[in-house]
Amino acid sequence: MLDLTFYKNKKILITGHTGFKGSWMCQLLVMAGAQVTGYALPSPTDPSLFDMCHIAERMNSVTGDIRDLEHMKQVFAQAMPEIVIHMAAQPIVRESYKDPVYTYETNVMGTVNVLECVRHTPSVKSFLNVTTDKVYLNREWEWGYRENEELNGFDPYSNSKSCSELVTSSYKNSFFSDGSTAISTARAGNVIGGGDFAADRIIPDCIRAAEKKQDIIVRNPFSTRPYEHVLEPIVAYLMIAKAQYEDGGFAGNYNVGPDEADCWTTGDLVTLFCSKWNKMTGDSIKWINRYDGGPHEANFLKLDCSKLKHTLGWKPRWNVETSMEKIIEWSLVYLAGEDVSRCMQRQIGEFLNR
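We now turn to the structure provided with this report. What you see is a predicted model; the values in this text were computed from it and never measured.

### As for the overall build of the protein chain
Move 1: Assigned secondary structure in the protein chain consists of twelve helices and twelve strands.
Move 2: For the protein chain, whose C-alpha radius of gyration is 19 Å, the value lies close to the compact-globule estimate of 20 Å for 354 residues.
Move 3: On the principal axes, the C-alpha backbone points of the protein chain span a range of 60 × 45 × 40 Å.
Move 4: Counting across all 354 residues of the protein chain, residues that qualify as buried make up 58%.
Move 5: Long-range pairs, those at least 24 residues apart, make up 80% of the contacts in the protein chain with a sequence separation of at least 6.
Move 6: Accessible surface, the protein chain: about 14,600 Å² in total, of which carbon and sulfur atoms supply 48%.
Move 7: Taking the average location of the 37 positive side-chain charges in the protein chain and that of its 44 negative ones, the two points are 3 Å from each other.

### A look at empty space enclosed by the protein
Move 1: Evaluated as defined, the whole model comprises one cavity of 30 Å³ or more.
Move 2: Roughly 40 Å³ of volume is contained in the largest cavity.
Move 3: In this structure, the largest cavity is lined by Y227, E228, H229, E232, P258, D262, P316, W318, N319, V320 and S323.
Move 4: At the level of secondary structure, the elements contributing two or more residues to the lining of the largest cavity comprise β9 (224-229) and α11 (320-335).
Move 5: Element by element, the count of residues in the lining of the largest cavity is highest for β9, at three residues.
Move 6: Across the lining of the largest cavity, the residue classes tally to five nonpolar, three polar and three charged.

### Quick look at the nonpolar core
Move 1: One finds Y7, W24, M25, L29, Y237 and L238 to be the most contacted residues of the largest nonpolar core, which totals 62 residues.
Move 2: For this core, the element with the most residues is helix α8 (residues 231-246), which contributes eleven residues.
Move 3: Setting aside chain neighbours within four positions, we find W24 in contact with L49, G194, V230, L231, I234, W330, M344, Q347 and I348.

### Notes on the pairing of strand β4 (residues 83-86)
Move 1: Every second residue of β4 is oriented toward a common face, with I83 and I85 on one face and V84 and H86 on the other, all of them buried.
Move 2: With four bridges connecting them, strand β1 (residues 11-15) and β4 associate as parallel partners. Paired with I14 across the bridge in β4 is I85.
Move 3: Relative to strand β5 (residues 126-130), β4 is paired through four bridges, and the arrangement is parallel. Along β5, the bridge assignment pairs H86 with N129.

### Things to note about the side chain of H229
Move 1: Mapped onto the fold, H229 is located in strand β9.
Move 2: Contacts of H229, omitting those with residues within four sequence positions, involve V191, I192, G193, W318, S323, K326 and Q347.

### Brief notes about the packing of helix α1 (residues 20-32) against α8
Move 1: α8 packs onto α1 with a crossing angle of 60° between their chain directions and a minimal axis gap of 10 Å. Between α1 and α8, the angle falls in the class oblique. Where α1 crosses over α8, the two elements pack in a sense that is right-handed. Contact residues: α1 offers K21, W24, M25, L28 and L29, while α8 offers L231, I234, V235, Y237 and L238.

### As for the state of the cysteines
Move 1: Evaluation of the coordinates by the stated rule reveals zero disulfides.
Move 2: Free of any disulfide, C53 has its nearest neighbouring cysteine sulfur in C343, separated by 9.2 Å.

### Structural notes on the sheet that holds strand β3 (residues 60-63)
Note: strands within a sheet are paired through backbone hydrogen bonds, in either parallel or antiparallel orientation.
Move 1: If you walk across this open sheet you meet the seven strands as β3-β2-β1-β4-β5-β6-β10, and the pairing is parallel. In this open sheet, the two strands that pair with only one neighbour each are β3 and β10 (253-256). Mean inter-strand twist for the sheet, computed between neighbouring axes without regard to direction, equals 15°.
Move 2: One ladder, built from five bridges, connects β5 with strand β6 (residues 182-188); its direction is parallel. Each bridged residue has a counterpart across the sheet, and for S126 the counterpart in β6 is A182.
Move 3: On the sheet, α1 packs against β1, β2 (35-40), β4, β5 and β6 and is oriented at approximately 170° with respect to β1.
Move 4: Each of β5, β6 and β10 touches helix α6 (residues 156-175); the most contacted strand, β6, lies at about 165° to it.

### Some points on the environment of W318
Move 1: Within the fold, W318 resides in the loop between α10 (306-312) and α11.
Move 2: By relative accessible area, which is 7% here, W318 ends up buried.
Move 3: For the pair W318 and V191, spaced 127 residues apart in the sequence, the C-alpha separation amounts to 12 Å.
Move 4: Ignoring any residue separated from it by four or fewer positions in sequence, one finds W318 in contact with H229, L231, E232, S323, K326, Q347, E350, F351 and R354.

### Some points on the packing of α1 against helix α12 (residues 340-353)
Helix packing geometry: the angle between the two helix axes and the distance between the axes.
Move 1: Remark: α1 packs on α12, axes separated minimally by 10 Å, with the N-to-C direction vectors making an angle of 70°. If you check the angle between α1 and α12, you find them roughly perpendicular. Contacts between α1 and α12 involve S23, W24, Q27, L28 and M31 from the former and S341, M344, Q345, Q347 and I348 from the latter.
Move 2: Among the residues forming the contact of α1 with α12, the class breakdown is five nonpolar, five polar and no charged.

Analysis parameters
Residues numbered from 1 in each chain as written. Predicted model: local features only at pLDDT ≥ 70, side-chain atom pairs only at ≥ 80, totals over all residues. Heavy atoms only, no water. Helix = DSSP H or I, 4+ residues; strand = E, 2+ residues; numbered from the N terminus. Rg over C-alpha atoms; globule rule 2.2 N^0.38 Å. Buried < 20%, exposed > 50% of the residue type's maximum accessible area, 1.4 Å probe, protein only. Contact = heavy atoms within 4.5 Å. Areas by Shrake-Rupley, 256 points an atom, 1.4 Å probe, with all protein chains shown as cover. Lys, Arg positive; Asp, Glu negative; His and termini not counted. Charge placed at Lys NZ, Arg CZ, Asp CG, Glu CD. 1 Å grid on protein atoms, 1.4 Å probe; cavity = no way out; pocket = protein on both sides within 12 Å on 5 of 7 lines; lining within 4 Å. Points joined across faces, edges and corners; volume = space filled by probe spheres on them. Nonpolar A, V, L, I, M, F, W, Y, C, P; charged D, E, K, R; others polar. Core = buried A, V, L, I, M, F, W, Y, C linked by side-chain atoms within 4.5 Å. Pairing = 2+ DSSP bridges. Axes fitted to C-alpha atoms, helices over the stretch in contact; angles between N-to-C directions. Parallel < 35°, antiparallel > 145°, perpendicular 65-115°, else oblique. Left-handed = near helix turned anticlockwise from the far one by under 90°. Disulfide = S-S within 2.5 Å.

Now the structure itself:
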């Protein structure tokens, strides 16, 4: 498992640190004693996990747009990071249909800009670009995609992340072939966890409906996704960044997803949520199928994570049932107006010490 002592006093720069995954990443790294600089737009949601946990008070949080190359160069020059983890993105499939230009500007040219900053910052020894399981050409087959499968996402979001992968590969071959900076990408499955307030995501939709004691609307209950608790990929990212920092031979492309048993249909996932929520609260929440025939999204998606398991010894720790219990635990702390930051720290400790 991850050796957090490695990160003590390490200079880390994270793009997209004000988002859902970024907030959990910063919380963990601050606990590890890292010197963290974040570069991102203000939190994309209201409420904001990053703001309510007051993480900015324990790190250097810079407001900036990854499309602004000159500003980002200044931040890199000041921070002189040793490790860069690129998570800033426009991450919503449906939003990418509404505004494809912004999606491509952010997810493709934003990656170019970050890699330009890395190229001109000699202190960087390890760079990780976080993408998605949706980068693959989806053939709707029943087995998991491997890292050597064809990249060609269908919708503007998925395709822009495929392009981000190609940009990273080109920069790696063109500018980092001397091994001065180790370059990897990580393709994560569908991430769930406490503190996600995004629109058009199933768990936030469940929490919002349960808070109002309303039925949960599910627009596509039959789609299958590789669901994993947010701490699963966060820890995997840090393992990859550490491994290639110490030995550039570990650089490459990695899938980060759950075991096959945790590839659930959306309907089954929401049924699990209702069962656990009702048991923990005494409510009687249920869900209803309201398929809306919206824009194309993949129906069936799995990842083969054998490479990450065999290369770095990583393996999932919390299955979907445990993850759901942790999500509801966090959500009840939030709805009661209690200390969600302390809850996050407790869950991080439980995860790492399992």
